[in-house]
Amino acid sequence: MQVSGSVVLVTGSSRGIGRAIALEAARRGAAGVVVNYLRSREAAEKVAEEIRRLGGDALVVGADVSRWEEARRLVEAAIGRWGRVDVVVNNAGILEPKPFHEMEPRDWQRMMEVHFYGALNVARAALPHMMERKRGVIVNISSVLGLRPEPLASHYSAAKAALIAWSIAAAKELAEYGIRVFAVAPGGVDTDMARVWGDMDWVEEEIPLARLARPEEVAKLVLDAVENPYVTGDVLTVTGGLL
Ligand code: NAP
């Protein structure tokens, strides 16, 4: 599917990787881009302004994707504005490193709610519209930690692995409806999230390329894959050798 002329909804696009995907979609001529945020309304408005400066059309929607009603409202906002949603990028995420033995149930519940249920909520809300038109791409931003789980992120790694499993199964179910689903698993990316680890020595010690990815490098991979009709049920990594 060409991004040009498509309506693209990117969850968690006020900052970081989501922002880069939203801007890259506008650069490629998307007909409309939904910029979603949880708390950073001003940052999301700025992303929308940048999209308009690039000649695109943007809609800013605050919604907590982990809540079904809010996810539904997010998708309906796109349908209300443009009559369709062609591409959903489930990107919203959080990372709170902690040893498992210090976690409370709320810690792992929230991780699953945002990464896993959040993606399913938005996908499920968009699917009837996509199925009716026999056209749609769902991208799930997972993580290298979904493939190579790490300490202090056991809940995050598990949520990202669940997202990969769901992407593969959903791709098999939805192929006959003309809908593709795939996961993207970045390594370390230069965003606020990468800095929650505090000490950044791991970047040079563990990543063969000895640097974080730029969000734009992930965004290009995501949208190149959206435009590649043979990518479905796949897990695309972009890790600088970290995997
Ligand atoms: P980030 O800079 O921390 O941005 C996170 C985004 O998600 C923000 O826009 C935030 O909104 C939004 N968000 C958080 N919870 C949400 C919710 N419940 N509903 C709606 N939006 C919500 O993170 P990032 O590094 O760009 O990460 C983006 C995705 O890539 C995440 O899924 C992350 O797990 C994944 N990833 C990141 C890395 C990395 O090294 N950075 C590596 C692999 C995978 P507000 O601004 O309003 O808070």
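Being a predicted model, the structure only gives us computed values, none of them experimental.

Chemist: Which residues make up the nonpolar core, and what are the values?
Modeler: Counting 37 residues, the largest nonpolar core has Ile21, Ile51, Val139, Phe182, Val222 and Val226 as its most contacted members. Elements with a minimum of two residues in this core: strand S1 (7-10), helix H1 (16-27), strand S2 (32-37), helix H2 (41-53), strand S4 (87-90), strand S5 (136-141), strand S6 (179-186) and helix H7 (215-226). Sorting elements by how many residues they give to this core places H1 first, with 7 residues.

Chemist: Lay out the site of the ligand in plain terms, naming residues and giving numbers.
Modeler: The environment of the ligand is formed by 33 residues, the closest being Ser14, Arg39, Ser40, Tyr156 and Thr191. Between Val65 and the ligand, the recorded distance is 3.1 Å, taken from a backbone N or O atom to a nitrogen atom. One of the side-chain N or O atoms of Thr191 is found 2.5 Å from an oxygen atom in the ligand. Coverage of the ligand by the protein amounts to 96% of the 910 Å² it exposes when considered alone. Given that more than half its atoms are within 2 Å of the pocket grid, the ligand belongs to the largest pocket. When residues of the shell around the ligand are traced back to their parent elements, those giving at least two are H1, S2, helix H4 (105-133) and helix H5 (154-174). Here the shell around the ligand takes 3 residues from H4, the largest share from any one element. Split into classes, the residues belonging to the shell around the ligand amount to 13 nonpolar, 14 polar and 6 charged. Both domains that meet at the shell around the ligand, namely domain 1 (1-92) and domain 2 (94-109 + 184-212), each give it at least three residues.

Chemist: I'd like a description of the pairing of S2, backed by residues and values.
Modeler: Most of S2 sits out of view: 6 of its 6 residues are buried. Judged by which residues are buried, S2 turns out to be covered on both faces: Gly32, Val34 and Asn36 on one side and Val33, Val35 and Tyr37 on the other are all buried. Tracing the backbone out of S1, into H1 and back to the parallel element S2 gives a crossover that is right-handed. Here 5 bridges tie S2 to strand S3 (residues 58-62), and the two strands are oriented parallel to one another. Looking across to S3, one finds that Val35 is bridged to Val60. As a crossover connection, the stretch from S2 through H2 into S3 is right-handed.

Chemist: Quick one: what's the story with the layout of surface pockets, residue by residue and with numbers?
Modeler: Taken as a whole, the largest pocket encloses approximately 1,200 Å³ of empty space. For the largest pocket, the lining is made up of 49 residues, of which Gly93, Ile94, Leu95, Tyr156 and Met193 are closest to its centre. Of all the secondary structure elements, the ones that give two or more residues to the lining of the largest pocket are H1, S2, H4, H5 and helix H6 (201-206). Across the lining of the largest pocket, the residue classes break down as 22 nonpolar, 14 polar and 13 charged.

Chemist: Report on H5, specifying residues and quantitative values.
Modeler: Its 21 residues give H5 an end-to-end C-alpha distance of 30 Å, which sits within 8% of 30 Å, the value for a rise of 1.5 Å per residue. Along H5, the residues classified as buried are His155, Tyr156, Ser157, Ala159, Lys160, Ala162, Leu163, Ile164, Ser167, Ala170, Ala171 and Leu174. In this fold, the buried residues of H5 make contact with H4, S5, S6 and strand S7 (235-238).

Cut-off values and rules
Per chain, the residues get numbers from 1 upward, laid out in the order the sequence is written. Note on the predicted model: pLDDT of at least 70 is required for a residue's local features to be given, and 80 or more for side-chain atom pairs to be given and counted; whole-chain, interface and lining totals, by contrast, use all residues. Water and hydrogen atoms were dropped before computing side-chain values, which therefore reflect all heavy atoms in the structure. The set of buried Ala, Val, Leu, Ile, Met, Phe, Trp, Tyr and Cys residues whose side-chain atoms join them within 4.5 Å is what this entry labels a nonpolar core. Remark: exposure states derive from per-residue accessible area (1.4 Å probe, protein chains only) relative to the maximum for the residue type, with buried under 20%, exposed over 50%, and partly exposed in between. Elements are defined by DSSP. Helices are runs of H or I of four residues or more, strands are runs of E of two residues or more, and each kind is numbered from the N terminus. Residues are counted as near a molecule or strand when any one of their heavy atoms sits within 4 Å of it. N or O atoms within 3.5 Å of each other form a polar contact, as long as, within protein, one can give a hydrogen and the other can take it, and as long as residues adjacent in sequence are counted only when both atoms are side-chain atoms. Surface exposure here means Shrake-Rupley accessible area, sampled with a 1.4 Å probe, where a residue is shielded only by the protein chains that are shown. Of the two site types, the cavity is a set of points on a 1 Å grid over the protein atoms alone where a 1.4 Å probe fits but cannot get out, and the pocket is an open set with protein on both sides within 12 Å along at least five of seven lines, each lined by residues with an atom within 4 Å of a point. Put plainly, a molecule is in a cavity or pocket when over half of its atoms are within 2 Å of the grid points there. Here the nonpolar group is Ala, Val, Leu, Ile, Met, Phe, Trp, Tyr, Cys and Pro; Asp, Glu, Lys and Arg are the charged ones; every other residue, Gly included, is treated as polar. Start and end points for every domain follow an automatic or database-based domain assignment. Note on handedness: a clockwise path from strand one over the helix to strand two, with the strands aimed away from the viewer, defines a right-handed crossover. Only strands that DSSP links by at least two bridges are regarded as paired with each other. Grid points are joined across faces, edges and corners, and a volume is the space filled by probe spheres set on the points. Multiplying 1.5 Å by the helix residue count minus one yields the expected span of that helix. What makes two residues a contact is simply this: any of their non-hydrogen atoms within 4.5 Å.

Spatial relationships are all this shows, so hold off on functional conclusions.
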